[in-house]
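Take a look at the letters that make up each chain.
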Amino acid sequence: MKFAYRFSNLLGAVYRQGNLNFSRDGNVVISPVGNRISVFDLKNNTSETLPFSTTKNITCVGLSPDGSLAIVVDEDGAAVLVSLITRAILHHFHFHKPVSSIRFSPDGRKFIVTKENVALMYHAPGKKREFNAFVLDKSYYGPYDETTCIDWTDDSKCFVVGSKDMSTWVFGAERWANLIYYSLGGHKDIIVGCFFEKDSLDLYTVSQDGTLCVWESDTELDGLILKKSQDKPKLPRQGEEEEEEESEERDKVEGEEGEVIRGKVETAKEREKKKNVRYKMMSKHFFNKEGDFNNLTAAAYHKPNHILVTGFASGIFHLHELPEFNLIHSLSISDQRIASVAINSSGDWIGFGCSRMGQLLVWEWQSESYVFKQQGHFNNMASLAYSPDGQYIVTGGDDSKVKQGWETPGLKGRCPAVWNTNTGLCFVTFTEHTSSVTNVTFTSSGFVIVSASLDGTVRAFDLHRYRNFRTFTSPRPAQFSSLAVDASGELVSAGAQDSFEIFLWSMQTGRLLEVLAGHEGPVSCLCFSPVQSVLASCSWDRTVRLWDMLDSWQTKETLPLTSDGLAVTYRPDGQELAVATLNGEISFWNPHTATQNGSIAGRHDLQTGRKETDKITAKQSAKGKSFTSLCYSADGESVLAGGQAKFVCIYNIKEQMLIKKFEISCNLSFDAMEEFLDRRKMTEFGSLALVDEGAGDGDGVSISLPGVRRGDMSSRHFKPEIRVSSLRFSPTGRSWAATTTEGLLVYSLDGSLVFDPYDLDLDVTPASIRKQLRLQEWASAIVLAFRLNEKALKQEVLEKVPHEQISVVCGSLPDIYVEKLLGFIATCLEKSGHLQFYMTWAQNLLMLHGQKLKNRSGAILPTLQALQKSIQRHFDDLSKLCDFNMYNIRYAVALSKQRGLKRAAEEETEDQEEEDEELSEEMSEASLEDAEMML
């Protein structure tokens, strides 16, 4: 149970390539990210990555009309049938060629796949269990070049296919007598989109040069006539031969207005009904009239609202109403090419994907506002750090981003980012750095982020006001490659990779306190002790130095290493130090006595792959690999290690042995993934990987420079090498994260698939536990439930305990079950709606057993941090709700006051009118009396 971690989410990347899809209700976006699928819930503002992956990057995704199935196809044409309900793979299939597009029919009975110049129609997998889920129905040939797009009619009778040969082909899904195929021209560039009008055969076609053609059909969908199947000739019986000869002679009679068709006379009216479907171009429109826009790259059409959305290479999109081609509005959402466009079922939200910058945007066109706006690191991630409560993750990358959330589209600045582990979304990005961010960390308060960069600055960011409030610099320009902040959050240290010095600043004043010199090589890693003011620095000079911050910053101890030091980290209790070296070893030291406790030789556990251009085997290549990142688990009993390979290893420190290996990726689109040489890629002139497909003139052979990991950036095509740059365990101990070439991978503890009883006995059964509940022996039932250790049963027992009995039960629990119950409450509190109930349990446990828990604070620290994380999450949600309600109440009170004042004013005017009327009546009576007197 302890190491039953499984992949739970992919952060740091929201879109790579391929087509976007909306769910059936229109509230969820399904986005391909590398070789995985991410699902973004726009209503609840959460993200989830499906627990499967393909062997290469995904190029297209097809969704069934009911939203229960998805067909995912990668670059090589390998397809996976996935259930979006159970998140399980149902079937594997290979199309043997790259697939350009895939589309289900509206009735869900068939789907079309286009590869090269062929359109293949398959029977869609049904609800029944089948031996072969993909059964080929028909193959349609017509285009001379690769196909690009598909669309169906609303009744699934016909479909249209666009091609790179500038033609559009309309095919019948059934054997129609008056429509076998129809080819449409009129364009001078590649067809990007082709769309049927609602309940009609009328067509719209859009090409890459920004041309829209409107086609009108002379036949309605109801006018399609099913071709009669030719019956096989049957052998006549002896008694029926003469009758058949007489009937044939009668049927062969030809009239002036009819002709013989299979033994039946067809009139001229019937021939008119079977007249072939014809198309006529009604109009032609151009997007690039003023020449302001580049090539049209993506298009989508919403049939009920008659809205056409087109995206361009310049990052601009247009909304037009068809068939009049009225421009609704246009907007620039990015400065990069829009690769995919999708519209949800209601037509209100439009999804855009920009592959080069990794942007995913959802735009509400009626209110002209963003519904969703995310961008991942468009280059490699370099580092990450968890917040003290485990609720947030901050990342820094080679694109100079420090991310923590929302990011402006088209942003090119250098910045860190912060991600919410509950929602999986980024909510703030800091843009002050001008070069690669090499390291990031949180302070102990959790409200300050510190980042180091190659631009020569260390910056501190405030998470309350989202601003850069401190900038630390060195007297001479230096490139900072390592960073550490002490437990108090007052001292900030950074190591330089060019001057071999360590710089120390004060967070309070921002002043440089000291420059620590002594290392004879670049400082690769820094780490403060969690319990003392001691700084550990690891360097390429084969030493680890311990600096005392209280004793004039002097070197306290110097630990000799067998090879260049790459990473150093303290155990959570500060009583042990782990160091990773260049020879692939992990050594453990006692920082107080400066003695080595043990070491692990982990070079053989890395199992690096073979690069495509390597001349040596993977086994020989692994000899030069090593761990570059280390991290202790929350309880300090194991260590997590990763480096220049696709594996992350967990070692038990006491036994000094490998416990488990995690394969972070199986994506063959990355380099150094294959273990053996692929002979199919070898020719007499060398490897095919050396040939650049995008090269024009010349040989096109690109040989990378020695030591270059990411390929030649000037070449048109390169494969990034798979590696792990940073690892961190969550303070709660229930998850860990790794920054890799693929993105930010989060692995969580999976308790649902593992049966891990504690102190199991014959009398510990669900029946005996429920018997104790009936007898109202609450404490006994809880102890038995935790001995069996089934989550559903534990939750059932806890929720049956009466509220007034909670304090009594907490006081009578054995000490060993108090910690287990507290950890379970922290887990339940995160997702349960019984907030007060579980808070009462936590309060009573902490009040009654507080002193005993305090004595074991080091062991239960992850449990307390998990509890704090759950409480903080509910506090944030409730505070937002209360603030919203408070504003609504204030508005209602102000509105009632305004109405009261208005009503009072109206009453005053009425009283004034009544007084005026009475006065006028009195004056009229007085005037009448005066007149009578005068008379």
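One numbering rule holds for all chains: residues counted from 1, following each sequence as written. For a predicted model such as this one, the threshold for reporting local features is a pLDDT of at least 70, and the threshold for listing and counting side-chain atom pairs is 80 or more; totals across whole chains, interfaces and linings nevertheless cover every residue. Computation of side-chain values covers all heavy atoms of the structure but excludes hydrogens and water.

### Observations concerning the packing of helix 6 (residues 778-788) against helix 9 (residues 815-831)
Here is the rule: Fitted lines through C-alpha atoms give the axes, limited to the stretch in contact for helices. The angle between two N-to-C directions lies from 0 to 180 degrees. Under the scheme used here, helices are H or I runs from DSSP no shorter than 4 residues and strands are E runs no shorter than 2 residues, and both carry numbers assigned from the N terminus. With respect to orientation, any angle under 35 degrees is reported as roughly parallel, any angle over 145 as roughly antiparallel, any angle of 65 to 115 as roughly perpendicular, and every other angle as oblique. Residue contacts are counted whenever heavy atoms from the two residues lie within 4.5 Å of one another. Under the scheme applied here, ten amino acids are nonpolar (Ala, Val, Leu, Ile, Met, Phe, Trp, Tyr, Cys and Pro), four are charged (Asp, Glu, Lys and Arg), and all others, including Gly, are polar.
Their axes nearest at 11 Å, the elements helix 6 and helix 9 cross at an angle of 75°. Here helix 6 is positioned roughly perpendicular relative to helix 9, judged by the angle of their axes. Residues Val783, Phe786 and Arg787 of helix 6 lie in contact with helix 9, whose contacting residues are Tyr817, Lys820, Leu821 and Phe824. Counted by class, the contact of helix 6 with helix 9 contains five nonpolar, no polar and two charged residues.

### Things to note about the packing of aromatic side chains
The line we're drawing: Think of it this way: a Phe, Tyr or Trp ring, Trp meaning its six-membered ring, pairs with another when their centres are within 6.5 Å, and the plane angle makes it stacked under 30 degrees, edge-to-face over 60, tilted otherwise. The rule is simple: take the accessible area with a 1.4 Å probe, protein chains only, and divide by the maximum for that residue type; under 20% is buried, over 50% is exposed, in between is partly exposed.
As enumerated under the stated definition, the model contains 38 aromatic pairs in all. Centre to centre, the rings of Phe111 and Phe134 are 5.4 Å apart; their planes meet at 65°, and the pair counts as edge-to-face. Of the two residues, Phe111 is situated in strand 11 (residues 110-115) and Phe134 in the loop between strand 12 (118-123) and strand 13 (135-141); the sequence distance between them amounts to 23 residues. No difference in accessibility class separates Phe111 from Phe134, as the two residues are buried. Each ring, one from Phe837 and one from Trp841, has its centre 6.4 Å from the other, and the planes form 75°; the classification is edge-to-face. Note that Phe837 and Trp841 are positioned in helix 10 (residues 835-848) at a spacing of four residues, about one turn of the helix.

### Details of the UniProt feature "repeat: WD" (unreviewed entry) in the protein chain
Heads up, the rule is: UniProt positions are given in the numbering used here, feature names are shortened, and annotations may be inferred rather than shown by experiment.
Residues annotated by UniProt as "repeat: WD" (unreviewed entry) correspond here to residues 184-216, 374-403, 430-471 and 516-549. For residues 184-216, helix accounts for 0% and strand for 55%, while the C-alpha atoms at its two ends are 11 Å apart. A helix fraction of 0% and a strand fraction of 56% characterise residues 516-549, whose end C-alpha atoms lie 11 Å from each other.

### Here's the deal with a negative patch on the surface
Applied cut-off: Only residues whose relative accessible area exceeds 30% and that form no salt bridge are eligible for patches; like-charged ones are grouped when within 9 Å, while nonpolar side chains (Val, Leu, Ile, Met, Phe, Trp, Tyr) are grouped when within 5 Å. Surface accessibility follows the Shrake-Rupley procedure with a 1.4 Å probe radius. Residue values consider only the protein chains on display as shielding. Basic side-chain nitrogens of Lys or Arg form a salt bridge, by our definition, when they fall within 4 Å of a carboxyl oxygen of Asp or Glu. When charges are counted, neither His nor the chain ends are considered; positive counts come from Lys and Arg and negative counts from Asp and Glu. The atom standing in for a charge is NZ when the residue is Lys, CZ when it is Arg, CG when it is Asp and CD when it is Glu.
Side chains of Glu906, Glu907, Glu908, Glu910, Asp911, Glu913, Glu914, Glu915, Asp916, Glu917, Glu918 and Glu921 sit close together on the surface and give a patch of like negative charge. Examined against the element boundaries, Glu910 turns out to sit in helix 12 (residues 857-934). Judged by relative accessible area, Glu910 falls into the partly exposed class, the value being 48%.

### Focus: the sheet that holds strand 15 (residues 158-163)
Keep this limit in mind: Following DSSP output, two strands are said to pair if at least two bridges run between them.
The strand order across the open sheet formed by four strands is 14-15-16-17, and the pairing between neighbours is antiparallel. This sheet does not close on itself; its edge strands, each paired only once, are strand 14 (147-152) and strand 17 (181-184). Strand-to-strand, the axes of this sheet are offset by a mean angle of 20°, without reference to chain direction.

### Section: the pairing of strand 40 (residues 467-473)
Taken together, the six bridges between strand 39 (residues 457-462) and strand 40 define a ladder with antiparallel strand orientation. Its bridge partner lying in strand 40, Ala460 is registered against Arg470. With antiparallel pairing between neighbouring strands as the criterion, strand 39 and strand 40 make up a hairpin whose turn holds four residues, including Tyr466 at a positive phi of roughly 55°.

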